[in-house]
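# Chain and residue survey
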Amino acid sequence: MPESRRLRFFFSFLIIGHLLAVVTAPLVVQSRGSIGAAPIVTTLMSPVQRYGEFVYVDRGYAFFAPDPGPNHLIQAAIGPAERRIEKRIPDLSTMWPRLKYHRHLMLADYFNQSYEFPLPPNLASEDAEAARQWQMRRSRYEELRKSIADHLSARHGGDPVLLARIRHNLPQFIAFQNQPIPLTDPRLYEVLPDRLPSLNIPPDQTLPAARVTTPAESVPPPSADREPSTDKQTRALFQFDLRVPAGSWTSPEAGNPERFRVLANNGYPNFQLEQNASAEGDGQAAGDGDAT
Amino acid sequence: MIDRLRQILTEYFTRAIAGWDQFWFTPQWPHLLAILRIGCGLMLLYSHLIWAADLSGFMGPDAWIGPELSGRLHDGTFGYNDAGFSYLWWVESSSLLWLHHTLVILVTLAMTVGFATRITVPLAWFFQIMIIHRMTGMLFGLDQIVTYMTMYLALAPCGSIFSVDAWLRGRLAERRGDSGAIAWLLPGTQPSVAAGVATRLLQIHLCVIYLFGGLAKARGETWWDGTAVYYALVSYEYQSFDLTWIVNWPRLFSFLSLLTLFWEIFYVALVWPRVTRPIVLGMAMMVHGGIALFLGMMTFGSMMMLANLIFVPPPLIARLLGSGDAVVGSTPESRESDLETKIADYERRKARLRSKEALYRERVDRLKRREQKIKDLVDRKKKLDNESDDQLGNESDLDLG
């Protein structure tokens, strides 16, 4: 034990500071609500926040929490239509050892977490600050999408790349118990569209303030009776010609009636992305498939 | 009254400070930390080798997340500004990247085998932090636990045993004596405050991880209705084997879900008492073993199991290693130091007992005083009763008369 009381006091001070950073970081995550984190927690964290961020103790520690959810994948269509190849990220058959695969699984998850809807119409005129914040989040997603696409393009001789976010839903317990299906059943997969949650909002209608300031983190499920997308480019990129009854195999939040054609199934479903002429022509694609 | 209150408060704070000092600053043997150094070093090495397997894809100019974008994810460009920093945000040259990564691997290898650990362990931690902030978006629990363990190991003389340093120390001490520089660079195998602090920090950090992991789960539905383990096991991207048969065993998976939830939340309280510690640690081995075997995260699961060893008492480690000497001390200096630690410990216990004895004596005196007071009151009452009886007797005599 350090003999000097001053030395003990000094080390105690450092220890308390470090523990403050360790404890307050997950506390901020857990105490975060619609109005932000609890003020007392943010106040306690403020003196050690930068330190905690640098030494990487600013984590929330939510493993499989609050609930185990669906996984997210990235589907990439690489090259022009005549020699197009498909890649899925991550892919256990090509990414080995397991840790390498897991890094890519985290990348796909991060890409999905970073998703932000395109800027809603009229938001800039309604609330400039909200629009600026929204645009920053959207830019983050777009930059990530571009970086991933650039990487794949560089690996394939500069070929154009289309990316889609895929959600692999977990089979619902009761349905799965009654009638088990393979975990790779195409009905468990869905393409996450890149558009505002509701397509029924007329372009000139102002969005509700709550939705503007606190956008949902993931694409809300379309209602079962909704018509398939009318987005021509999206429809062209992903063949929404199959319909799955909502809630039959997928978890409740994944009752997406829109489906895409499964052209091959070699253990995994293989989603053939079909690019339309206009997207291929100008190298830009809206909707789910994004070209660079 | 005020003096008494002051005395109670003084005693309370004196005892609290003594307890704090004892908890944090009691010297600890480095054996367990040396084992953690080897395990953590191996995992860190493996992780760096995985980065190296596709270095340009992970960190190069055409990486999945390019270096410039990686920096902008931290610098406020997208609304999130943190203190995460990495010089790798500016490294675009492939050869420089390889040179750097080779150095990282060599340093980690040195940490694992225990070579120049006073320098290589802090350096391995620093490199890990730089890589962590560069690789934002591709990280998970493994990176957290490996980084924390390396950070705490960097504080302690974890290379003083089971290491090249220990071997070098023996040879250099023979030739040149135990000079100050050598003593610092190649620390002897003896209890140290640094080892104690590192042990305590990792123990508390683990408690925080489990507590908040459990609380986060408690906010969900499936951990309560018991289906969480089912959903985790049918997660195709995670599972190592097909475990879908578990769907027909709802009592089993709901039991495992609830057990995991309660274990995580109460870990912080139950890992400290000696009675419950083996149960809590046994469960940690089962939970993380399950994650390692069935959920495709052998790396994360095994590191968490290793981290939980920090709660294993040193004598048990010695027994497991088959050598009582490992903890009793292998050199005369270390034995002497151990004896000093024990004497200091006994002195502290003696002081605490004396303080308690004084308190008890005081209480006994107080109780005796009260007893005496009560006795006096009883006597006085008896006396008064007798007097009143006498008086009544006299009055009745008068009436009769």
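The model shown is predicted, which means the values in this text are computed figures rather than measured ones. (Residues numbered from 1 in each chain as written. Chains lettered and ligands numbered in written order. Predicted model: local features only at pLDDT ≥ 70, side-chain atom pairs only at ≥ 80, totals over all residues.)

### What about the overall build of chain A?
Of regular secondary structure, chain A possesses ten helices and seven strands. Each of the 292 residues in chain A was classed as buried or not, and the buried ones make up 35%. (Helix = DSSP H or I, 4+ residues; strand = E, 2+ residues; numbered from the N terminus. Buried ≥ 20, exposed ≤ 12 C-beta atoms within 10 Å, placed from the backbone.)

### What about the overall build of chain B?
Along the backbone of chain B there are 18 helices and zero strands. Radius of gyration (C-alpha) of chain B: 32 Å, far over the 21 Å computed for a compact globule of 401 residues. Taken along its principal axes, the extent of the C-alpha atoms in chain B is 130 × 70 × 50 Å. Taking the contacts inside chain B whose residues are at least 6 apart along the sequence as the reference set, 74% of them involve residues at least 24 apart. (Rg over C-alpha atoms; globule rule 2.2 N^0.38 Å. Contact = placed C-beta atoms within 7 Å.)

### A closer look at the interface of chain B and chain A
By a frequent convention, interface size equals the accessible area lost on bringing the separate parts together. Each partner contributes to the interface: chain B provides 62 residues, whereas chain A provides 57 residues. Mapped onto the side of chain B that touches chain A, the elements with two or more residues apiece are helix H1 (2-25), helix H2 (31-53), helix H6 (117-134), helix H7 (141-153), helix H10 (193-218), helix H12 (228-233) and helix H15 (298-308) of chain B. A total of ten residues in the side of chain B that touches chain A trace back to one element, the largest contributor, which is H10(B). Along the lines of polarity and charge, the residues of the side of chain B that touches chain A split into 35 nonpolar, 20 polar and seven charged. (Nonpolar A, V, L, I, M, F, W, Y, C, P; charged D, E, K, R; others polar.)

### Structural notes on H7(B)
Residue and element names in this part refer to chain B. Between its first and last C-alpha, H7 extends 18 Å over 13 residues, near the 18 Å set by a 1.5 Å rise per residue. A large share of H7 lies buried, amounting to twelve of its 13 residues. Every buried residue belonging to H7 is among Leu142, Asp143, Gln144, Ile145, Val146, Thr147, Tyr148, Met149, Thr150, Met151, Tyr152 and Leu153, and all of these are buried. Its buried side turned inward, H7 meets H2, H6, H10 and H15. (Expected span 1.5 Å × (residues − 1).)

### Thoughts on the pairing of strand S1 (residues 71-78) of chain A
Residues and elements named next belong to chain A. Summarising burial for S1: seven of the eight residues are buried, a large majority. Taken together, the eight bridges between S1 and strand S3 (residues 161-168) define a ladder with antiparallel strand orientation. Across the sheet, residue Ala76 finds its bridge partner in S3, namely Leu163. In this sheet, strand S2 (residues 85-89) lies alongside S1 in antiparallel orientation, the contact comprising five bridges. By the bridge assignment for S2, Ile74 is matched with Ile89. Adjacent in sequence and paired antiparallel, S1 and S2 are bridged by six residues, among which Gly79 carries a positive phi angle near 95°. (Pairing = 2+ DSSP bridges.)

### Observations regarding the environment of B:Ile343
Residues and elements named next belong to chain B. Inspection of the secondary structure assignment puts Ile343 in helix H18 (residues 332-400). Note on Ile343: 10 C-beta atoms within 10 Å, which makes it exposed. For the pair formed by Ile343 and Pro67, sequence separation is 276 residues and the distance between their alpha carbons is 56 Å.

### Quick look at unusual backbone geometry
Residue and element names in this part refer to chain A. A cis amide bond links Ile89 to the next residue, Pro90, at an omega of 0°. Position of Pro90 among the secondary structure elements: in the loop between S2 and helix H4 (98-113). Of note, Tyr56 is a non-glycine position whose phi angle comes to about 70°, a positive value. As for its position among the elements, Tyr56 is in the loop between helix H3 (49-54) and S1. A tally of 19 C-beta atoms within 10 Å means that Tyr56 is categorised as partly exposed. At Phe64, a residue that is not glycine, the phi angle is positive and equals roughly 50°.

### Quick notes on the environment of B:Arg4
Tracing the chain through its elements places B:Arg4 in helix H1. Taking the C-alpha atoms as reference points, B:Arg4 and B:Asn248, separated by 244 residues in sequence, lie 66 Å from one another.

### What to know about the confidence of the model for chain A
When pLDDT is averaged across chain A, the result is 74; 66% of the residues are at 70 or more. Per-element confidence in chain A is highest for H3(A), whose mean pLDDT is 97, and lowest for helix H10 (residues 277-282) of chain A, whose mean pLDDT is 28. (pLDDT = per-residue confidence, 0-100.)

### So, helix H5 (residues 94-113) of chain B
Because an α-helix packs 3.6 residues into every turn, residues spaced three or four apart end up facing the same way. Residues and elements named next belong to chain B. The terminal C-alpha atoms of H5 lie 29 Å apart, and with 20 residues this matches the ideal 28 Å at 1.5 Å per residue to within 8%. When H5 is considered as a whole, its buried residues turn out to be Leu97, His101, Val104, Val107, Thr108, Ala110, Met111 and Thr112. The inward-facing, buried residues of H5 abut H2, helix H3 (55-59) and H6. Note on H5: the residue one or two positions beyond its end, Gly114, has a positive phi of about 80°.

### Considering the packing of H7(B) against H15(B)
Residue and element names in this part refer to chain B. Running from N to C, H7 and H15 point in directions that differ by 30°, and their axes come no closer than 9 Å. Handedness of the crossing formed by H7 with H15: left-handed. Between H7 and H15, the contacting residues are Gly141, Leu142, Ile145, Val146 and Met149 on the first element and Thr299, Phe300, Met303, Met304 and Ala307 on the second. Of the residues assigned to the contact of H7 with H15, the class counts are eight nonpolar, two polar and no charged. (Axes fitted to C-alpha atoms, helices over the stretch in contact; angles between N-to-C directions. Left-handed = near helix turned anticlockwise from the far one by under 90°.)

### Regarding the packing of H2(B) against H7(B)
Residues and elements named next belong to chain B. Here H2 crosses H7 at 135°, and the two axes come no closer than 10 Å. Classed by the angle they form, the pair H2 and H7 counts as oblique. Remark: the crossing between H2 and H7 carries left-handed chirality. Residues Leu33, Leu36, Arg37, Cys40, Met43, Leu44 and Ser47 of H2 lie in contact with H7, whose contacting residues are Val146, Met149, Thr150 and Leu153. Grouping the amino acids of the contact of H2 with H7 by side-chain chemistry returns eight nonpolar, two polar and one charged. (Parallel < 35°, antiparallel > 145°, perpendicular 65-115°, else oblique.)

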